Amino acid sequence: MVIGVPKETVAGERRVALVPELVPKLKEAGLEVRLEPGAGQSAGHPDGSYLEKGAQMAPDVLAEADVVLKVRPPSADEVERMKEGATFIGFLAPYANAPVIRACADRRITAFSMELMPRLARAQSMDALSAMSTVAGYKAVLLAAGRLPRFFPLLMTAAGTMTPTRLLVVGAGVAGLQAIGTARRLGALVEAYDTRPAVKEQVESLGAKFVVLDLETKDAEDKGGYARGQSEEFYRRQQEMMLKSVTAADVVISTALVPGQRAPVLITEEMVRGMRPGSVIVDLAAEQGGNCALTVPGEDVLRHDVLVMGPTNLPGTMPLHASEMYATTVTNFLAHLLKDGSLHLDLTDELTRGPLVTHQGEVVHEAVRARL
Ligand code: NAD
């Protein structure tokens, strides 16, 4: 069976779905590994580093692969170039990508969406979203520090005492917790809020203060560990209650997401206007519409003297480690699907069935099908 890794085609995407260190693992499982020349170049892995580990180069890798490993969802053209009946493993943006998902079904592609990996203990090593959130949370803090007109830590110098930066994290999931840890290491005073009450202890264990808001959050978490969407009224009250924390902060890092929905707007223009000049907001929810009303996805905008950053691909800016982590999750998932060197799909297994979007010409994932 041929495992194929194409070069990513989305502008600015520097990650690759397989790193050289993992080639021997696939070969030991009886697989052949082929990459499009240059696939790993921008992640720091020239072709030679894959060849040394026993992979081959194949200019038309999509046409040759039985299993395609990829970071970004395929374009319609890439689906067209894949072998009929091949398997795809990668991000699929399953709720925002209807034409590509239909094209996968039409070409009888078995497509797995890494976003839909169930949150089970045994799936942790295949959790690509958490891996990429770790990168994003870390980098968001560095972006803010790089643009902030002040120090992060308390500095007592002969030239005066510099007070520490106050940083607020809204949404303390994987990215938020990583942002808290990174900001604490740089010496900021950190506060965080999340609608899932279970998070309080995790926030405090990282040395940050949990912001308590008088909101009813008993049902805030679904069975899968994700946040549930709330009513407009809930978000309006949340905005009111967060005003004080946001305007007291020099930096806000927002990561609040609800799977399959537009990100909730939690930071209003009024809040931004109340922040000190020079403050920075890094909105990690930008790709899902943003947690700040002023966010422009993919851009940095200055509004009311506050820099509102809307990065949409922070993992792509740290391609070496992001690729290493991503490749580990996809190859672990591939290994889960293998038996004696070929794919063996047990559709009664939640771990196989959960991320499966198209199979044998059908869109088999219920929620994705409903969205189509
Ligand atoms: P996510 O990226 O979907 O959302 C980010 C955070 O935003 C979440 O913590 C969510 O509760 C929060 N949020 C949503 N609406 C909000 C609002 N209105 N105000 C404030 N915060 C809001 O979530 P995630 O970071 O991918 O994961 C969330 C949690 O799932 C993790 O903290 C972890 O406990 C759990 N998890 C479990 C596993 C596993 O068991 N395999 C793997 C990864 C994560």
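Whatever comes next refers back to the structure up there.
What comes next concerns the included structure.

Moving on, we get to the pairing of strand S13 (residues 280–283). Side chains Val280 and Val282 project from S13 onto one buried face, and the interleaved Ile281 and Asp283 project onto a second face that is buried too. Relative to S13, strand S12 (residues 251–254) runs parallel, the two sharing 4 bridges. Looking across to S13, one finds that Val252 is bridged to Ile281. The parallel pair S12 and S13 is bridged by helix H10 (residues 269–274), and the resulting crossover is right-handed. Bridge count for S13 against strand S15 (residues 306–309) is 3 bridges, and the pairing is parallel.

Trans is the common state for peptide bonds, and a negative phi is the common state for residues other than glycine. For His304, which is not glycine, the phi dihedral falls at a positive 55°. Within the element layout of this structure, His304 appears in the loop between strand S14 (300–303) and S15. Among the residues examined, His304 registers a relative accessible area of 33% and is labelled partly exposed.

As a further point, take the environment of Arg369. Relative to the assigned elements, Arg369 resides in helix H13 (residues 366–371). The spacing of Arg369 and Pro94 is 275 residues in sequence and 9.5 Å in space, taken between C-alpha atoms. Residues contacting Arg369, with those up to four places away along its chain left out, are Val363 and Val364.

Let us now look at the pattern of salt bridges. Think of it this way: side chains of opposite charge can pair up when their charged atoms draw near. Tallied over the full model, the rule gives 20 salt bridges. Arg150 is the partner of Asp250 in a salt bridge, and the nearest nitrogen-oxygen pair spans 3.9 Å. Taken together, the positions of Asp250 in the loop between helix H9 (232–248) and S12 and Arg150 in the loop between helix H6 (128–147) and strand S7 (155–157) put the pair 100 residues apart, joining distant regions of the chain. Judged by its relative accessible area of 4%, Asp250 is buried. Connected through shared salt-bridge partners, Glu8, Lys70 and Glu78 make up one network.

Inspection of every chain in the model, using the stated rule, returns 4 aromatic pairs. Arranged with centres 5.9 Å apart and planes meeting at 90°, the rings of Phe234 and Tyr235 form a pair that is edge-to-face. This pair shows no difference in class: Phe234 is buried, exactly as Tyr235 is.

Let us now look at the side chain of Thr217. In this structure, Thr217 sits in the loop between strand S11 (209–210) and H9. On the accessibility criterion, Thr217 (15% relative accessible area) is buried. In this structure Thr217 touches Tyr193, Thr195, Pro197 and Phe234, once residues within four positions along its chain are discounted.

Attention now moves to the packing of H6 against helix H11 (residues 319–337). In contact at an axis separation of 9 Å, H6 and H11 are set at 170° when each is read in the N-to-C sense. Taken together, the axes of H6 and H11 are roughly antiparallel relative to one another. On H11, the residues that touch Ala128, Ala131, Met132, Thr134 and Val135 of H6 are Ala322, Met325, Tyr326 and Thr329. Its residues assigned to classes, the contact of H6 with H11 comprises 7 nonpolar, 2 polar and no charged.

Rules used throughout
- Residues numbered from 1 in each chain as written.
- Predicted model: local features only at pLDDT ≥ 70, side-chain atom pairs only at ≥ 80, totals over all residues.
- Heavy atoms only, no water.
- Buried < 20%, exposed > 50% of the residue type's maximum accessible area, 1.4 Å probe, protein only.
- Helix = DSSP H or I, 4+ residues; strand = E, 2+ residues; numbered from the N terminus.
- Pairing = 2+ DSSP bridges.
- Right-handed = clockwise from strand over helix to strand, strands pointing away.
- Contact = heavy atoms within 4.5 Å.
- Salt bridge = Lys/Arg side-chain N within 4 Å of Asp/Glu carboxyl O.
- Phe/Tyr/Trp six-rings, centres within 6.5 Å; stacked < 30°, edge-to-face > 60°.
- Axes fitted to C-alpha atoms, helices over the stretch in contact; angles between N-to-C directions.
- Parallel < 35°, antiparallel > 145°, perpendicular 65-115°, else oblique.
- Nonpolar A, V, L, I, M, F, W, Y, C, P; charged D, E, K, R; others polar.

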